[in-house]
Amino acid sequence: MKNFPKAGLLIVTLVIPALIFVLLRLFATNHYDLPYFNPELDSNGQVQIVNGDTVFQKRSELQLASGKHPLENDITVVSFLPKECADTCKLVLSNLKRIYDMRSETNRLSITTLLEDNLSAASAYPSELGTKGWKTLKATNTEAETLLNLESASSQRRSELYPLESRLMLIDSKGYTRGYYNGADPEEIDRLMAELKILNYEKKASANP
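Thresholds applied
- Residues numbered from 1 in each chain as written.
- Predicted model: local features only at pLDDT ≥ 70, side-chain atom pairs only at ≥ 80, totals over all residues.
- Heavy atoms only, no water.
- Phe/Tyr/Trp six-rings, centres within 6.5 Å; stacked < 30°, edge-to-face > 60°.
- Helix = DSSP H or I, 4+ residues; strand = E, 2+ residues; numbered from the N terminus.
- Buried < 20%, exposed > 50% of the residue type's maximum accessible area, 1.4 Å probe, protein only.
- Lys NZ or Arg CZ within 6 Å of the ring centre and 35° of its normal.
- Pairing = 2+ DSSP bridges.
- Axes fitted to C-alpha atoms, helices over the stretch in contact; angles between N-to-C directions.
- Polar contact = N/O pair within 3.5 Å; in protein donor to acceptor, adjacent residues only side chain to side chain.
- Contact = heavy atoms within 4.5 Å.
- Lys, Arg positive; Asp, Glu negative; His and termini not counted.
- Salt bridge = Lys/Arg side-chain N within 4 Å of Asp/Glu carboxyl O.

S.K.: What is the right way to look at the packing of aromatic side chains in this model?
M.R.: Aromatic ring pairs: the centre-centre distance and the angle between the two ring planes describe each pair. Counted under the stated rule, the structure contains 4 aromatic pairs. Pairing F37 with Y180 gives two aromatic rings, centres 5.4 Å apart and planes at 85°, and the pair type is edge-to-face. Of this pair, F37 sits in the loop between α1 (3-27) and β1 (49-50) while Y180 is found in strand β9 (residues 177-182), placing the two residues 143 residues apart along the sequence. Its relative accessible area of 22% is what places F37 among the partly exposed residues. The class of Y180 is buried, set by a relative accessible area of 4%. Through a chain of ring-to-ring contacts, three or more aromatic side chains come together here, namely Y36, F56 and Y176. Seen from the ring of Y36, R178 lies directly overhead, with NZ or CZ sitting 3.8 Å from the centre.

Have a look at this one:
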């Protein structure tokens, strides 16, 4: 008879936590899920809904006048480098260097910087700019504004989140836009770095279900 209390204690310590875990997996919401941006719009300008879910734009490449540049299934951070790189621009480049340094721990992370002018050997620019993992593409100010724009029904009724020279856009490995950030704000960069880790985890989990 003395074994029954022990068996009951064993059930409490092993079975109940397992049940809680299963319930959380089935019904709980993951609060670390990143949002999606830029929904598909129909011919009337309305957001497309399929089976109750919003359809979001998905891209496999960046389309510019210079050509079509594939994203290559990378997690990509897109930025803009104006012809005149003042203090804000230099701060953004410095913060992007922090993002670049994450490549050692984040699979297939790349930075794409749109250049309004040819890349010069300015001492203020990180040496990694224009190298593997941080490519540069020639683009006009208008092209950069279009590419880095928040494309949604609501964007027509409000101003852009951040100035173009400090605006960063995050594209996941499937081609969906997952975030916009102020590249001159250290707290925004910390948020971007955290969300990059989340996307990297999701990518690893999907590759090894």
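S.K.: Would you mind going over the sheet that holds strand β7 (residues 134-138) with me for this structure?
M.R.: The strands making up a sheet associate through hydrogen bonds between their backbones, and the pairing can be parallel or antiparallel. Spatially, β7-β6-β5-β8-β9 is the arrangement adopted by the 5 strands of the open sheet, whose pairing is mixed. The sheet is open, and its two edges are formed by β7 and β9, each paired on a single side. On average, adjacent strands in this sheet sit at an angle of 25° to one another, irrespective of strand direction. As paired elements, strand β8 (residues 167-171) and β9 share 5 bridges and run antiparallel to each other. Paired with M169 across the strands is Y180, a residue of β9.

S.K.: For this particular structure, what's the right way to read the side chain of D172?
M.R.: Along the chain, D172 turns up in the loop between β8 and β9. Residue classification places D172 among the buried positions, given a relative accessible area of 6%. Of note is the side chain of D172, whose polar atom sits 2.9 Å from the side chain of R178. Excluding anything up to four places from it in sequence, D172 contacts Y36, D74, I75, R178 and L199.

S.K.: Please clarify how the side chain of E143 should be interpreted in this entry.
M.R.: Here E143 is to be found in helix α3 (residues 141-147). At 8.7 Å, K138 is the nearest oppositely charged side chain to E143, a buried residue that forms no salt bridge. Among the polar contacts listed, one links the side chain of E143 to the backbone nitrogen of T140, at a separation of 3.0 Å. Setting aside residues up to four positions removed in sequence, E143 forms contacts with L64, A65 and K138.

By themselves these figures say nothing about function.
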